[in-house]
Amino acid sequence: MTMLRDSVVAEVGPSRTGRRAWMMIRPSDDGRIMLVEFEHDTALDTDSWPAPEDILDRRRADFDTLEDVIEHLSKRGIDTDQFDAPWKVDYPL
């Protein structure tokens, strides 16, 4: 995975049926790397901006380096090669 100044995202397996789950990796303002995870109901219209209550189970973790994020995701069984630019996937945000 290559990351420059922008976010990369991937759709991952949800915690329960009826949901879609997403991960976003991006630089944070303090120079670290942020991993944001959230889910939404599959009925959500991803062509419009979701309301705050549409975002379910949002979590954020900060890492010192991109390599730390990749190691964390690999330990969880997440294929980091699936991350891409948000506009190339059906990313809802």
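Look above for the structure.
Report follows, based on the coordinates.

Rules of the game
Residues numbered from 1 in each chain as written. Predicted model: local features only at pLDDT ≥ 70, side-chain atom pairs only at ≥ 80, totals over all residues. Heavy atoms only, no water. Buried < 20%, exposed > 50% of the residue type's maximum accessible area, 1.4 Å probe, protein only. Helix = DSSP H or I, 4+ residues; strand = E, 2+ residues; numbered from the N terminus. Arc of directions from axis to C-beta. Contact = heavy atoms within 4.5 Å. Pairing = 2+ DSSP bridges. Axes fitted to C-alpha atoms, helices over the stretch in contact; angles between N-to-C directions. Core = buried A, V, L, I, M, F, W, Y, C linked by side-chain atoms within 4.5 Å. Phe/Tyr/Trp six-rings, centres within 6.5 Å; stacked < 30°, edge-to-face > 60°.

**Examining helix α1 (residues 66–75)**
Here is step 1 of the chain: Buried within α1 are the following residues: Leu66, Val69 and Leu73. Taken down its axis, α1 places every buried residue within 60° of arc, on the same side. Turned more than 90 degrees off the buried face of α1, the exposed positions are Glu67 and Lys75.
Here is step 2 of the chain: Tucked into the core, α1 has its buried residues touching β2 (19–27), β3 (33–41) and β4 (56–63).
Here is step 3 of the chain: Phi turns positive one or two residues past the end of α1, at Gly77, with a value near 80°.

**Topic: the sheet that holds β2**
Here is step 1 of the chain: Strand order across the open sheet formed by four strands is β1-β2-β3-β4, with antiparallel pairing between neighbours. With one partner strand each, in any of the chains shown, β1 (8–12) and β4 form the two edges of the open sheet. Across this sheet, the average inter-strand angle for adjacent strands is 15°, counted without regard to direction.
Here is step 2 of the chain: Pairing analysis gives six bridges linking β3 to β4, with the strands arranged antiparallel. The partner of Met34 across the bridge, within β4, is Asp62.

**With respect to the nonpolar core**
Here is step 1 of the chain: Among the nonpolar cores identified, the biggest contains 14 residues, and Met23, Ile25, Leu35, Val69, Leu73, Ile78 and Phe83 are the most heavily contacted of them.
Here is step 2 of the chain: Elements represented by at least two residues in this core include exactly β1, β2, β3 and α1.
Here is step 3 of the chain: Those residues in contact with Val69 that lie beyond four places of it in its chain are Ile25, Ile33 and Phe63.
Here is step 4 of the chain: Counting residues in hydrophobic clusters, the runner-up holds seven residues, among them Val9, Trp22, Met34 and Tyr91.

**Some points on the packing of aromatic side chains**
Here is step 1 of the chain: As enumerated under the stated definition, the model contains two aromatic pairs in all.
Here is step 2 of the chain: Measuring from ring centre to ring centre gives 5.5 Å for Trp22 and Tyr91, while their planes differ by 80°; the resulting arrangement is edge-to-face. You can see Trp22 sitting in strand β2 and its partner Tyr91 sitting in the segment after α1, a full 69 residues away along the chain. For the pair shown, Trp22 and Tyr91 are each scored as buried.

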